[in-house]
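Examining the three-dimensional arrangement
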Amino acid sequence: MIRVRIKVEPHAYEAVIRHGLLGAAGEQIAEVLPAAKHRRAFVITVASVKRRWGAKLVKSLSAAGFRPALIEMPEGERHKRLATIETLAGKLIAAGADRDSIVIAFGGGVAGDVTGMLASIFMRGIEFVQIPTTLLAQVDASIGGKTGVNLRGGKNLLGTFQQPRIVLIDPAVLATLPEREFRAGLFESLKAGVIGKPQLFEKFEQLSPKQLRSDAELLEWVIAESVRLKADIVARDEREDGLRRVLNFGHTIGHALEADTNYRHFLHGEAVAWGMVAAAKIAKQVGCAEKHVVARIEQAVLRFGPLPVVKSDGKNILKLIQGDKKTRNGVVHFVLPKKIGRVNIVNDVPAQVILRAVREIGQIKSNSCLPQ
Ligand SMILES: NC(=O)c1ccc[n+]([C@@H]2O[C@H](COP(=O)([O-])OP(=O)(O)OC[C@H]3O[C@@H](n4cnc5c(N)ncnc54)[C@H](O)[C@@H]3O)[C@@H](O)[C@H]2O)c1
Ligand SMILES: [Zn+2]
C-alpha cells in the first residue's frame, strides 16, 4: 500500500494506492470520517461503474457502519454542467441527505469534478471523498481539490476548490476501462513526467500501454509518481497563483481543441496529448527547449497509440485560447518544456508561432491517427 500526503489547508489528506483497495474502502473512509457521525454516504457514480463495481463499494461501506446509497449521474463531458449538479442536489434532498452526510465521487474526472462542486455548495459544504475509477482521474483529476463544470463558452469556467478527505485509488478497477480511455489517462501521467518526474517519462519511453496495464506493481508506481508530483505542486500553490500553473502543460491548446470540437472529438487526455506536442513545437520555435526535448515528447506521445486527427483551424484555436480562464489581462501563459523534468512559463508567445504549431500538429497524420 502506498500513501501520499497532500498538505493543503484547511486539512491535509492522503491518497491511498493499492490493488484491491475498493474492498476496504469503507474502513479507510471511517478512519477519517467516523461512521457514527457520518452515517449517510451517497455514492455519486455513472452507469458503467455502478454496474461493474457498485455492489463491491456498497458492501464495504455497509460493513464499516455507513448507510450507503448509489446515485447515478449521466456519463460524459457533455453532462459536466450546472444542470447536473442541480439534479443531483435534488436527489440528495429526496434521499434525506443532511450536513453530516458524505458524498463519494465514484467514477472518472467528470464524476469527480461534478461531485466535488456539489459537495462544496450543498448546504454550504459537506464532506467529500474521491474514489477515482479512470486512469486519468487516478493520476491527476482526483488530487488537488479543483472542481468544476463547463459553460458553452469554455471548459471548467464555473468551479470551486473543495479538497476531499481521502482519495482511494484501486488500480484493479481499471480492468474494465476501455483501452482508449486507459491510453488517454497515460497522457496526463506523461505530462507529470515532463513537468518534474524524468524517471517516469523514461519509463514511458520504454514501455507500451499494454505492458503498463498488465503489470500491477508497475501501474501502482506510475500512479504513485504522478500523484506525488501533483501533491507536491498543489501543496506549494493550492490556488494557482503561480507554480500550480505548470500543471497546465499541454492544456492551453488542449482545452481549445476540446472546445473547438464541442468536447466530442477528443477525450480530454487525447487533447492534452496534442497540446503537449504543440507546446513542445512552440518551445522549439521560441528557443526555450534544449536539444532533443521536442522530438522525445512527440515520440513519447505518438508511441501511446492512435489519436484523433486535429482538424481545427489555427485562428479558432487562437480565439479560444484568448478566452480561456488561464489568460489573465489578455496575456496568454504557455507552459513550455525546457528539458524532460523541467518546464517554464512563457507569457509572450507570438500569435504566428501558435498558428504554426497548430498547423504542424494537424499535419501529423501517419498511422498514429484513429479512423474518423
Ligand atoms: N479537477 C482536476 O484537477 C482535473 C484534472 C484533470 C482532468 N479533469 C477533468 O476530468 C475529466 C476527464 O476525466 P476522465 O478522462 O476520467 O473522463 P470521464 O469521467 O468521462 O470517464 C471516462 C469514461 O469512462 C467510464 N468509466 C469510468 N471508470 C470506469 C471503469 N473503471 N470501467 C469502465 N468504464 C469506466 C466513464 O463512465 C466514462 O464514460 C475532464 O472533464 C477534465 O476536465 C479535472
Ligand atoms: Zn487535464
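Residues numbered from 1 in each chain as written. Chains lettered and ligands numbered in written order. Predicted model: local features only at pLDDT ≥ 70, side-chain atom pairs only at ≥ 80, totals over all residues.

Turning to the overall build of the protein chain, a few remarks are in order. In terms of helices and strands, the protein chain carries 14 helices and 11 strands. Scaling as 2.2 N^0.38, a compact globule of 372 residues should have a C-alpha radius of gyration of about 21 Å, and the protein chain matches this with 20 Å. Projecting the C-alpha coordinates of the protein chain onto the three principal axes gives extents of approximately 60 × 40 × 40 Å. Considering the protein chain as a whole, with its 372 residues, one finds that 48% of them fall into the buried category. Residue pairs at least 24 apart in sequence account for 77% of intrachain contacts in the protein chain once pairs closer than 6 positions are excluded. (Helix = DSSP H or I, 4+ residues; strand = E, 2+ residues; numbered from the N terminus. Rg over C-alpha atoms; globule rule 2.2 N^0.38 Å. Buried ≥ 20, exposed ≤ 12 C-beta atoms within 10 Å, placed from the backbone. Contact = placed C-beta atoms within 7 Å.)

We now examine helix α7 (residues 198-206). Those residues of α7 lying buried are L200, F201 and F204. Around the axis of α7, the buried residues are gathered within 100° of arc, so they sit on the same side. Within α7, the exposed residues directed more than 90 degrees away from the buried face are Q199 and Q206. Buried residues in α7 make contact with α6 (179-196), α9 (216-236) and α12 (293-303). (Arc of directions from axis to C-beta.)

Size of an interface, as often reported, equals the accessible area lost when the parts are brought together. Annotation of the protein chain at the domain level lists domain 1 (2-177) and domain 2 (187-363). Placing the centre of domain 1 and that of domain 2 at their C-alpha centroids yields a distance of 26 Å. Taken together, the contact pairs 25 residues of domain 1 with 26 residues of domain 2. If you list the elements that add at least two residues to the side of domain 1 that touches domain 2, you get β1 (2-6), β2 (13-17), α5 (135-141) and β8 (154-158). (Domains from an automatic or database assignment.)

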